[in-house]
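Below are the chains, spelled out letter by letter.
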Amino acid sequence: MGVSYFIVFLLLFFVMNVLPWVLALISRKTSGNNKVIWFLMSFFLSWLGFIVYYFIVVKPEWKAKLERNKPKRILRNENGMPIKMYDKS
C-alpha cells in the first residue's frame, strides 16, 4: 500500500515539475535564445512560467513563422493559367 502511494507521488511530481522543462527543451516551435529562456522560465516557475512564456513569446513567433512560410497566391486566368505580372516602372 505504501509503495503504490510513493509511485503515485513520483508520477505527480514528474508531471507537475519536470515535464514542462522537457517540453521546453524538445519543442520545435522555438530555437536559440527563446528556447533557453522558455526552459529557464519553466524550470524556475514550473507551469506558471511555462504557460506565460508560451503565450507571450512562443505562440506569436510560431504564428508569424507560419505566415511567412505560407505560399503566395498566384493570379490565374479563367483557364487556370498563371497571369504574368509585369512591373510598369
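Residues numbered from 1 in each chain as written. Predicted model: local features only at pLDDT ≥ 70, side-chain atom pairs only at ≥ 80, totals over all residues. Heavy atoms only, no water.

Here we take up the overall build of the protein chain. Helix and strand counts for the protein chain stand at 2 helices and 0 strands. Relative to its 89 residues, the protein chain shows a buried fraction of 15%. Expressed as a percentage of contacts within the protein chain between residues at least 6 apart in sequence, the contacts between residues at least 24 apart total 31%. For the protein chain, the computed accessible surface area is about 7800 Å², with 70% contributed by carbon and sulfur atoms. (Helix = DSSP H or I, 4+ residues; strand = E, 2+ residues; numbered from the N terminus. Buried < 20%, exposed > 50% of the residue type's maximum accessible area, 1.4 Å probe, protein only. Contact = heavy atoms within 4.5 Å. Areas by Shrake-Rupley, 256 points an atom, 1.4 Å probe, with all protein chains shown as cover.)

A surface patch of nonpolar side chains, about 630 Å² in accessible area, is lined by Val3, Phe6, Ile7, Phe9, Leu10 and Phe13. Position of Ile7 among the secondary structure elements: in helix H1 (residues 2–26). (Patch = residues over 30% accessible without salt bridge, like charges linked within 9 Å, V, L, I, M, F, W, Y side chains within 5 Å. Salt bridge = Lys/Arg side-chain N within 4 Å of Asp/Glu carboxyl O.)

Turning next to the nonpolar core. By size, the foremost hydrophobic cluster in this structure holds 6 residues: Ala24, Trp38, Phe50, Tyr53, Tyr54 and Val58. Of the residues forming this core, the biggest block, 5 residues, is contributed by helix H2 (residues 33–68). Every residue in contact with Trp38, bar those within four places of it in the chain, is listed here: Ala24, Ser27, Thr30, Phe50, Tyr53, Tyr54 and Val58. (Core = buried A, V, L, I, M, F, W, Y, C linked by side-chain atoms within 4.5 Å.)

As a further point, take the side chain of Ser27. Structurally, Ser27 can be placed in the loop between H1 and H2. What makes Ser27 buried here is its relative accessible area of 10%. Other than its neighbours up to four places away in sequence, Ser27 contacts Lys35 and Trp38.

Here the focus is the environment of Phe44. Residue placement: Phe44 occurs in helix H2. The class of Phe44 is exposed, set by a relative accessible area of 63%. Here the alpha-carbon distance between Phe44 and Trp21, two residues 23 residues apart in the chain, equals 9.5 Å.

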